[in-house]
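Below, each chain spelled out in residue letters.
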Amino acid sequence: MTGTAPALAILVKGWPRLSETFIAQELAALEDGGLGFDIWSLRHPTDTKTHPLHDRLKARVFYLPEYLHQEPRRVLHGLRHARKLPGFSEAWRVFRADLTRDRSRNRVRRFGQACVLARELPSDVRGLYAHFLHTPSSVARYAAILRGLPWSFSAHAKDIWTSPEWELREKLSPANYGAQFGATCTAFGAEHLRDLAGDPDAIDLVYHGLDLGRFPAAPERAARQPGAPLRLLSVGRLVEKKGFDRLIEALALLPDTVDWHWEHVGGGALGSEMKALAARLGVGDRITWRGACDQPEVIDAMRSADLFVLPSRVAADGDRDGLPNVLMEAASQKLPILSTPVSAIPEFIEDGVHGMLRADAPDELAAAIRQFAEDQSLGPRLAEAAHTRLVAEFRMAPGIARLHARLTEMLDTSE
């Protein structure tokens, strides 16, 4: 690759992804702030739609070999080039130590991708920044050792809670070629990572927040009339940690006196299973499955709904949400929120003040939905408070300014 290139390379797991609007929002804001970068994706896109944010970005996008056997010549050239780099012996030692504890094809694939990246990165690149602390950060770490570059990361949820502790500790340790700095989007996650790092300054708390300029003003919401259908909306992937099976079970518990319809937006591996559950419980005809939607479609759905429901829970493998941006998007449209006190959700929603937080048990969710249906004043009061908090405390700009400064500092120190 020839020609002048940006000093920063950003690694992502896949690009573009409808479910990762928070990444697109961040990158667009960094670009608007004058930070140039290229995007390097470990995977090709699977979504058929994109968000307007994706289309707005001017950054170049490059794709590493998703599976090594698919591009053997490219991988071979990468490995041959990597073996000539001064950092190869150390990168190989670190990789072998990792492979001893994680004997998986995924681990080998990450080293192969790192060799390709080390070969193809322009000479102008002075630092790497990875979104997610698991596989993208593994590629960034190996490539950084190979090229003698600093690297940094942004951690979110699954990558924090399902990665082995030994790997997190080493990625946080400068003595083990760890990141120069890390950022994460919740105080809950920041505390955990700081404990592992043994250094309170190792991790910056950077809430994603919202760029409210991208959203329409909240609609004027008239009070729902008694007896009117309750329009429920959820946005999220159909995976275990989102808890939608518990919500379907809760809907089946609602009495006949509550007239409701639930609309779900999002794809996911459990789609067939969820639809079968709804049919078995006799509520399938009161559910609309929208599938993956772009952000304008999501906002339109929020503006016409009465209650946003996100029944997040901790999955069997430890995976869990962080602070889902979709909650803030709902608040931007003054849509009342029902969720659960999982992970960092209480950092935005205080129960009874900005929304309702209930356990993910079906009976508790059903009772809360019934309370919303019967109390016409509850939803507007909670939604107004959530909107006020969003505007006052969860705007995007402060976090972007902090992240921009840290990335710039990293690049300056490597000149």
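Structural data are supplied above this passage.
What counts, and where the lines are drawn
- Residues numbered from 1 in each chain as written.
- Predicted model: local features only at pLDDT ≥ 70, side-chain atom pairs only at ≥ 80, totals over all residues.
- Heavy atoms only, no water.
- Core = buried A, V, L, I, M, F, W, Y, C linked by side-chain atoms within 4.5 Å.
- Buried < 20%, exposed > 50% of the residue type's maximum accessible area, 1.4 Å probe, protein only.
- Helix = DSSP H or I, 4+ residues; strand = E, 2+ residues; numbered from the N terminus.
- Contact = heavy atoms within 4.5 Å.
- Expected span 1.5 Å × (residues − 1).
- Pairing = 2+ DSSP bridges.
- Axes fitted to C-alpha atoms, helices over the stretch in contact; angles between N-to-C directions.
- Phe/Tyr/Trp six-rings, centres within 6.5 Å; stacked < 30°, edge-to-face > 60°.
- Lys NZ or Arg CZ within 6 Å of the ring centre and 35° of its normal.
- Right-handed = clockwise from strand over helix to strand, strands pointing away.
- Salt bridge = Lys/Arg side-chain N within 4 Å of Asp/Glu carboxyl O.
- Lys, Arg positive; Asp, Glu negative; His and termini not counted.

Caption draft 1: Fine view of the nonpolar core. The biggest cluster of nonpolar side chains holds 59 residues, and the ones touching the most others in it are Trp260 and Phe308. With 6 residues, helix H14 (residues 362-374) is the single largest residue contributor to this core. Leave out the neighbours within four places in its chain, and Phe308 touches Leu233, Ser234, Val235, Met302, Val326, Leu327, Ala330, Leu335, Pro336, Ile337 and Leu338. One finds Val75, Leu99, Ala144 and Trp161 within the second-largest nonpolar core, a separate group that totals 46 residues.

Caption draft 2: Representation of helix H15 (residues 378-393) within the structure. For H15, which comprises 16 residues, the first-to-last C-alpha distance of 23 Å matches the rise-based estimate of 22 Å (1.5 Å per residue) to within 8%. Tucked inside the fold, the buried residues of H15 contact helix H13 (325-332), strand S13 (356-357) and H14.

Caption draft 3: Looking closely at the sheet that holds strand S10 (residues 287-291). The strand order across the open sheet formed by 6 strands is S10-S9-S8-S11-S12-S13, and the pairing between neighbours is parallel. Edge positions in the sheet fall to S10 and S13, since each has one partner strand and no second. Bridging between strand S8 (residues 230-235) and strand S11 (residues 307-310) involves 2 bridges; their strand directions are parallel. Counted as the bridge partner of Leu232 is Leu307 from S11. Sheet strands in contact with helix H12 (residues 295-304) are S8, strand S9 (260-265), S10 and S11, and its direction is about 150° off that of S8. Most of the contacts of H14 go to strand S12 (residues 337-339), to which it runs at about 170°, and overall it touches S8, S11, S12 and S13.

Caption draft 4: Fine view of helix H10 (residues 244-253). Inspection of H10 places Phe244, Asp245, Leu247, Ile248, Ala250 and Leu251 among the buried residues, and these make up the whole buried set. The inward-facing, buried residues of H10 abut S8, S9, helix H11 (271-280), S10, S11 and H14.

Caption draft 5: Summary view of the sheet that holds strand S7 (residues 203-205). A sheet is described by the order of its strands in space; here 7 strands give the open sequence S3-S2-S1-S4-S5-S6-S7, paired in parallel fashion. Here the strands that pair on one side only, and so sit at the sheet edges, are strand S3 (61-63) and S7. Averaged over all neighbouring strand pairs, the angle between strand axes comes to 25°, with direction disregarded.

Caption draft 6: Fine view of the packing of aromatic side chains. Evaluation of the coordinates by the stated rule reveals 14 aromatic pairs. Taken together, the aromatic side chains of Phe88, Trp92, Phe95, Phe111 and Tyr142 make up a single cluster linked through ring pairs. Above the plane of the ring of Trp161 lies Arg320, whose end atom (NZ or CZ) is 4.4 Å from the centre.

Caption draft 7: Representation of the pairing of S9 in the model. Across the 6 residues of S9, 5 count as buried, placing the element largely inside the fold. With 6 bridges connecting them, S8 and S9 associate as parallel partners. Residue pairing for S9: Leu232 is matched across the bridge by Trp262. Where the polypeptide runs from S9 across H11 and back to S10, its parallel neighbour, the crossover connection is right-handed.

Caption draft 8: A look at the pairing of strand S1 (residues 8-14). When you tally the buried positions in S1, you get 7 out of 7 residues, the bulk of the element. With 6 bridges joining them, S1 and strand S2 (residues 37-43) adopt parallel strand pairing. Considered in S2, the bridge of Gly14 is made with Arg43. Regarding the hand of the β-α-β motif, the stretch spanning S1, helix H1 (residues 21-32) and S2 is right-handed. Examined bridge by bridge, S1 and strand S4 (residues 127-131) share 4 bridges and lie parallel to one another. Within S4, the residue paired with Leu8 across the bridge is Gly127.

Caption draft 9: Up close: the pattern of salt bridges. Applying the stated criterion across every chain yields a total of 31 salt bridges. A salt bridge links Asp102 to Arg107, with the shortest nitrogen-to-oxygen separation between them at 3.0 Å. We classify Arg107 as buried; its relative accessible area is 4%. Ionic pairing is found between Arg231 and Asp306, a salt bridge with its closest N-O pair at 2.9 Å. Placement of the pair is Arg231 in strand S8 and Asp306 in the loop between H12 and S11, with a sequence separation of 75 residues. The exposure class of Asp306 is buried, given its relative accessible area of 16%. Through salt bridges that share partners, Asp98, Arg101, Asp102, Arg107, Arg141, Glu167, Glu170 and Lys171 make up one connected network.

Caption draft 10: Inspection of the side chain of Glu26 at higher detail. Along the chain, the position of Glu26 falls in helix H1. The charged side chain of Glu26 is buried without a salt bridge, its nearest counter-charge being Arg214 at 12 Å. Residue contacts for Glu26: discarding those within four places in its chain leaves Tyr129, His131, Ser154, Ile400 and Leu403.

Caption draft 11: How the structure looks around the environment of Leu407. When you line up the elements, Leu407 lands in helix H16 (residues 397-413). Overall, the relative accessible area of 0% leaves Leu407 in the buried class. Sequence-distant contacts of Leu407, that is, excluding residues within four places in its chain, are made with Leu8, Leu30, Leu35, Tyr129, Ser152 and Phe181.

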